[in-house]
Amino acid sequence: MTATPATPATHSAPVPSAPSAVRTKRGDRGARNPVGRAGYLFVSGYVLLLLAFGVLPTVYAVRLALTNSRGQYVGLGNFTRTFADYRFGPAFVHIGLYLLIWLVVLMVLVVLLALMLHGRMRRTASALRFLFYLPGALAGVASVLLWLILLDPASSPVGGLLDALGWHTLAQVISPGHLPALFTVIAFWTGAGGWIVIMYGALNNIPDEILEAARIDGASTLQIALRIQIPMLTKWIAYMLILAFAAGTQLFVEPQLVSTASWGMIPDSWSPNQLSYQYAFQAGDFNGAAALSVDLLLLGLGCAALVVFRAGLFDRD
């Protein structure tokens, strides 16, 4: 008889279950690549500043708006009280008119100037971007003081033009009916340059192949701008409108200095921010001032949400 050799016993290692294998792989990946942890570290600084100077002050303002000077809960009492103030309606009408002019002018001129720099003016684009951005280096107060000099026919280098328009004194130039347009000019001069630079950078992200294909198909410069470039800038324009709207509702320095320069011809509650200042530091009513601040916050959040959903700002391409 021939003996059959015995088959050696084999011991296979236990196969880890799928979830444990995935966890092991992710743990090894995290240990080898600490990029994720570095990202959290970089974001943590912004989060701390946001909590300290954004979220916590907002919570405190809402608490003040819902209580009285003794800390008692009054619900919407502060909101109704400030709404009944005779200065409330005019202040919001003034800021609404200013925002209408400012946002339309900003959107049209910024996009137009960015398209011109990106198209026919590429050789001088770097110098022009610097010149556009330069006024933004001035502080808001210095900018307004500069414009007060420019708008005074007695001392302005363009006094002849102001005289030709029938404005012979500073009081005529800064009359209440002119203020929304004047504040728009000042805001555009100081703030539009940065947005032109941003829009120019966004235009550089459009692939040249798309533009070249449109030119081969016979599209004109205007057709390329209207059908390709501007639609691809939609999210950037929406982002600009949100931030410009938020900044516009906070208008304070310009009307405050103009009111001082006009010797009271312009009311010191021209804008909601000025009215809030009057409540807080003239009347000592911090609860009413907080209610006005919350009104502006809700207005800004509502308009921002409308722009975000209409423009699909967070939609993936």
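All values derive from a computational prediction rather than experimental measurement.

Looking at this structure, how should I read empty space enclosed by the protein?
Unfilled space is identified by rolling a water-sized probe across the atoms. A full pass over the atoms with the stated rule returns 1 cavity of 30 Å³ or more. Here the largest cavity defines a volume of roughly 50 Å³. Together, Val144, Trp147, Leu148, Leu151, Ile174, Leu179, Leu182, Phe183, Ile186 and Val258 line the largest cavity. When contributions to the lining of the largest cavity are tallied by element, the ones reaching two or more residues are helix 6 (140-150) and helix 9 (179-204). With 4 residues, the single largest contributor to the lining of the largest cavity is helix 9.

Looking at this model, I keep getting lost on the packing of aromatic side chains. Mind explaining?
Each aromatic ring pair is described using two quantities: the centre-to-centre distance and the angle formed by the ring planes. The tally for this structure, following the rule as stated, stands at 8 aromatic pairs. Ring geometry for Phe281 and Phe286: centres 6.1 Å apart, planes at 85°, overall edge-to-face. Among the aromatic side chains, those forming a connected cluster through ring pairs are Phe252, Tyr277, Phe281 and Phe286.

Help me out: how do you make sense of the environment of Val74 in this one?
Checked against the element boundaries, Val74 lands in the loop between helix 2 (35-65) and helix 3 (77-83). For Val74, a relative accessible area of 32% translates into the label partly exposed. For the pair Val74 and Leu64, spaced 10 residues apart in the sequence, the C-alpha separation amounts to 9.9 Å. When neighbours within four sequence positions are excluded, Val74 is seen to be in contact with Leu66, Thr67 and Asn68.

Got a minute to help me understand the packing of helix 10 (residues 208-216) against helix 11 (residues 221-232) in this structure?
Two numbers describe a pair of packed helices, the interaxial angle and the distance between the axes. Where helix 10 contacts helix 11, the axes come no closer than 11 Å and their chain directions differ by 145°. For the pair helix 10 and helix 11, the crossing hand works out as right-handed. The residues of helix 11 that touch helix 10, namely those facing Ile210, Leu211, Ala214 and Arg215, are Ile224, Ile228 and Gln229. For the contact of helix 10 with helix 11, the per-class residue count stands at 5 nonpolar, 1 polar and 1 charged.

Please explain the packing of helix 9 against helix 13 (residues 253-261) as it appears in this structure.
Across the interface, helix 9 lies against helix 13 with an axial gap of 11 Å and an inter-helix angle of 120°. In terms of axis orientation, helix 9 runs oblique to helix 13. The element helix 9 and its partner helix 13 pack so that their crossing is right-handed. Mapping the contact onto sequence places Leu179, Phe183 and Ile186 in helix 9 and Glu254, Pro255 and Val258 in helix 13. Across the contact of helix 9 with helix 13, the residue classes tally to 5 nonpolar, no polar and 1 charged.

Would you explain the confidence of the model for the chain in this entry?
Close reading of the predicted structure is inappropriate where its pLDDT is low. Model confidence for the chain is summarised by a mean pLDDT of 83, while 85% of its residues fall at 70 or above. The least confident element of the chain, judged by mean pLDDT, is helix 1 (residues 18-32) at 50; the most confident is helix 3 at 94. Below a pLDDT of 50 lies the segment residues 1-13, which in the model reaches 0 contacts outside its immediate sequence neighbourhood of four places, other chains included.

Quick question: what am I supposed to make of the nonpolar core here?
Side chains of a nonpolar character, in soluble globular proteins, are inclined to be buried together. With 48 residues, the main nonpolar core has Tyr98, Trp102, Leu106, Val110, Leu179 and Phe183 as its most contacted residues. When contributions to this core are tallied by element, the ones reaching two or more residues are helix 4 (88-118), helix 5 (125-133), helix 6, helix 8 (170-173), helix 9, helix 10, helix 11 and helix 12 (234-249). The leading source of residues in this core is helix 9, at 13 residues. Those residues in contact with Leu179 that lie beyond four places of it in its chain are Ile174, Val258, Ile266 and Trp270. In this structure, Phe88, Ala280, Ala289 and Leu292 belong to the second largest nonpolar core, which totals 8 residues.

Analysis parameters
- Residues numbered from 1 in each chain as written.
- Predicted model: local features only at pLDDT ≥ 70, side-chain atom pairs only at ≥ 80, totals over all residues.
- Heavy atoms only, no water.
- 1 Å grid on protein atoms, 1.4 Å probe; cavity = no way out; pocket = protein on both sides within 12 Å on 5 of 7 lines; lining within 4 Å.
- Points joined across faces, edges and corners; volume = space filled by probe spheres on them.
- Helix = DSSP H or I, 4+ residues; strand = E, 2+ residues; numbered from the N terminus.
- Phe/Tyr/Trp six-rings, centres within 6.5 Å; stacked < 30°, edge-to-face > 60°.
- Buried < 20%, exposed > 50% of the residue type's maximum accessible area, 1.4 Å probe, protein only.
- Contact = heavy atoms within 4.5 Å.
- Axes fitted to C-alpha atoms, helices over the stretch in contact; angles between N-to-C directions.
- Left-handed = near helix turned anticlockwise from the far one by under 90°.
- Nonpolar A, V, L, I, M, F, W, Y, C, P; charged D, E, K, R; others polar.
- Parallel < 35°, antiparallel > 145°, perpendicular 65-115°, else oblique.
- pLDDT = per-residue confidence, 0-100.
- Core = buried A, V, L, I, M, F, W, Y, C linked by side-chain atoms within 4.5 Å.

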